[in-house]
Amino acid sequence: MTGNVGITRLWPAPATAPLDESALITLYPRLDQPHLRMNFVASIDGAVELDGHSAGLSSPPDKRVFGLLRMVCDALLVGAGTLRNEAYRALRLDERRRAWRREHGLTEYPTLVVVSRALNLDPESAAFADAPVRPVVLTSARAEAPAGLAEVAELLRCGEEQVDLATGLADLHRRGHGQLLSEGGPHLFGSLTAAGLVDEVCLTVAPMLTGPGAGRITAGPTSTPHGMSLRHVLAAGDELLLRYARA
């Protein structure tokens, strides 16, 4: 795996000097219109996890971009299964990144948004109980909330049996959450793709062959393929960090 090495730019305008925080921020900009950015790490042979968790594929450079993307977004969108499986903690930032947000007219912390059709969520988990900003849960109209969830999160019901993601995202945009970041998981990514809502994909390619077994970064319903345009290729040792946007 790639160690604690600098991130350099391979394309466009190759540069061998490591990129500092300011340079990285310009490569992952906030946009003037509502925007949904996906962020994933995968092995060379397409695995989304190692030993059941994405952390096994990650590295210090990947975590650096991971933290930066959280810093520049308005809200972080995550599926309930990923919240549980990856043991999400409260969405917090260090003082340096909170200062950057204040300087750019943003709230100190982005808002955590959990997508859950059935509301199989634990209100006592750190992601809710320790949240610096009240999380939002996108859910279906018929889901029954567990005791205590409404006290620690705002429930937005969009769709009868399933979560209507287009309606949910439109509601988030109206609330001022124009710049959305999603860390998955695969089923949420697949559903967002099928609904035509994905504007950008940031993908770290971990220099590993894991063999068969693990799933891909996307799963769920079939969708119509559409092209994406490569915006940059960064490198950190043997690892690649790619950014694609709608063509």
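As annotated in an unreviewed UniProt entry, the protein chain is Bacterial bifunctional deaminase-reductase C-terminal domain-containing protein from Plantactinospora mayteni. What the UniProt record of the protein chain gives under Pathway (unreviewed entry) is the line "Cofactor biosynthesis; riboflavin biosynthesis."

J.: Any chance you could break down a nonpolar patch on the surface for me, citing the residues and the numbers?
T.: Judged by side-chain polarity, L10, W11 and L240 come together as a nonpolar surface patch covering roughly 260 Å² of accessible area. On the accessibility criterion, W11 (41% relative accessible area) is partly exposed.

J.: Mind laying out the pattern of salt bridges, listing which residues take part and the relevant values?
T.: Evaluated as defined, the whole model comprises 16 salt bridges. Two residues, E95 and R98, come together in a salt bridge whose shortest N-O distance is 2.8 Å. Taken together, the residues span about one helical turn, with E95 and R98 both in helix α4 (residues 95-103) at a distance of three residues. Its relative accessible area of 39% is what places E95 among the partly exposed residues.

J.: Please provide a residue-by-residue account of the pairing of strand β10 (residues 239-246), values included.
T.: The pairing of strand β8 (residues 200-206) with β10 spans six bridges and is antiparallel. Its bridge partner being in β10, E200 is matched across the sheet by A245. In the sheet, strand β9 (residues 228-236) pairs with β10 via eight bridges, with the strands oriented antiparallel. When the sheet's bridge partners are listed, H232 is paired in β10 with R243.

Reading the values: rules and limits
- The written sequence of each chain sets the order in which its residues are numbered from 1.
- Two thresholds apply to this predicted model, a pLDDT of at least 70 for residue-level local features and 80 or more for giving and counting side-chain atom pairs, whereas whole-chain, interface and lining totals are computed over all residues.
- Side-chain figures throughout are based on the complete set of non-hydrogen atoms in the structure, without hydrogens or water.
- UniProt positions are given in the numbering used here, feature names are shortened, and annotations may be inferred rather than shown by experiment.
- Each patch is built from residues that are more than 30% exposed by relative accessible area and take part in no salt bridge. Like charges join if they lie within 9 Å; nonpolar side chains (Val, Leu, Ile, Met, Phe, Trp, Tyr) join within 5 Å.
- Per-residue and other accessible areas were derived by the Shrake-Rupley procedure at a 1.4 Å probe size, with only the shown protein chains allowed to occlude residues.
- By salt bridge we mean one thing: a side-chain nitrogen of Lys or Arg within 4 Å of a carboxyl oxygen of Asp or Glu.
- Exposure categories follow from relative accessible area, calculated using a 1.4 Å probe and restricted to protein chains: below 20% of the type maximum is buried, above 50% is exposed, and the middle band is partly exposed.
- For helices the rule is a DSSP run of H or I covering at least 4 residues; for strands it is a run of E covering at least 2, with both sets numbered from the N terminus onward.
- Strands are labelled as partners when DSSP assigns at least two bridges between them.

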